[in-house]
Amino acid sequence: MSLNAFLNPIKEENIDYIASKRFVDENGEAVKWVIKSITSEEDEAIRKSCTKKVQVPGKKGQFTMETDYESYMGKLAANCTVYPNLNDAELQNGYNTMGPAKLLKAMLKPGEYALYLRKVQEVNGYDEPM
């Protein structure tokens with residue numbers, strides 16, 4: 001069997017997505033955001049950055065690992081956002097926030113943010129049933 005299929009995978013394109021109809025261009029059209037997928041290695045690094053050791057109640061010296069899911073999803077979405085550039089200092093200053101994940105929450109309404117997180121998960125393959 002040939003390994004060509006594994007050596008030459010189909011290149012994934014970035015996805016255009018209207019995260020909010022509140023952001024419009026000079027023609028009044030909703031501005032499309034651009035979302036990219038990340039590698040499993042990048043995902044693991046984000047997940048690790050949101051995981052901490054927590055002591056097991058009543059068990060001295062015993063710990064368990066706990067992932068802050070909200071923080072993980074925010075960082076995942078921020079890392080997958082190509083446009084707008086969430087690392088742009090002017091944009092962060094405009095919303096009085098520091099950091100791309102916080103900026104994303106400041107820019108979008110709660111419902112828009114939830115739908116955006118769902119789209120980011122879909123782009124990264126989390127929409128497929130197990």
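Look a little higher up for the structure.
The notes below deal with the structure included here. (Residues numbered from 1 in each chain as written. Predicted model: local features only at pLDDT ≥ 70, side-chain atom pairs only at ≥ 80, totals over all residues. Heavy atoms only, no water.)

Describing the packing of helix 3 (residues 69-80) against helix 5 (residues 100-107)
Okay, so step 1: Close contact between helix 3 and helix 5 brings their axes to 8 Å; oriented N to C, the two are set at 90°. When the axis of helix 3 is compared with that of helix 5, the two are roughly perpendicular. Touching Gly74, Lys75, Ala77 and Ala78 of helix 3 are Pro100, Ala101 and Leu104, all from helix 5. (Axes fitted to C-alpha atoms, helices over the stretch in contact; angles between N-to-C directions. Helix = DSSP H or I, 4+ residues; strand = E, 2+ residues; numbered from the N terminus. Parallel < 35°, antiparallel > 145°, perpendicular 65-115°, else oblique. Contact = heavy atoms within 4.5 Å.)

A closer look at the packing of aromatic side chains
Okay, so step 1: This structure, assessed with the given rule, holds three aromatic pairs.
Okay, so step 2: With a centroid separation of 5.9 Å and an interplanar angle of 45°, the aromatic rings of Tyr17 and Tyr116 are classed as tilted. Within this pair, whereas Tyr17 is found in strand 1 (residues 15-17), its partner Tyr116 is found in helix 6 (residues 110-123), the two being separated by 99 residues in sequence.
Okay, so step 3: Under the relative-accessibility criterion, Tyr116 is labelled buried at 0%.
Okay, so step 4: Site record: aromatic cluster; members linked through ring pairs are Tyr17, Phe23, Trp33 and Tyr116.
Okay, so step 5: A cation over a ring is seen here: Arg47 above Tyr72, with NZ or CZ 4.2 Å from the ring centre.
Okay, so step 6: For Lys53, the ring lying beneath its charged end belongs to Phe63, and the centroid distance is 5.3 Å. (Phe/Tyr/Trp six-rings, centres within 6.5 Å; stacked < 30°, edge-to-face > 60°. Buried < 20%, exposed > 50% of the residue type's maximum accessible area, 1.4 Å probe, protein only. Lys NZ or Arg CZ within 6 Å of the ring centre and 35° of its normal.)

Here's the deal with a nonpolar patch on the surface
Okay, so step 1: A cluster of nonpolar side chains, Leu3, Phe6 and Leu7, forms an exposed patch at the surface whose accessible area comes to about 400 Å².
Okay, so step 2: With respect to the helices, strands and loops of the structure, Leu7 is situated in helix 1 (residues 4-7). (Patch = residues over 30% accessible without salt bridge, like charges linked within 9 Å, V, L, I, M, F, W, Y side chains within 5 Å. Areas by Shrake-Rupley, 256 points an atom, 1.4 Å probe, with all protein chains shown as cover. Salt bridge = Lys/Arg side-chain N within 4 Å of Asp/Glu carboxyl O.)

A few points about the environment of Gly74
Okay, so step 1: Among the structural elements, Gly74 can be located in helix 3.
Okay, so step 2: Under the relative-accessibility criterion, Gly74 is labelled buried at 3%.
Okay, so step 3: For the pair Gly74 and Lys105, spaced 31 residues apart in the sequence, the C-alpha separation amounts to 8.0 Å.
Okay, so step 4: Beyond its immediate stretch of four places on either side in the chain, Gly74 contacts Ala101 and Tyr113.

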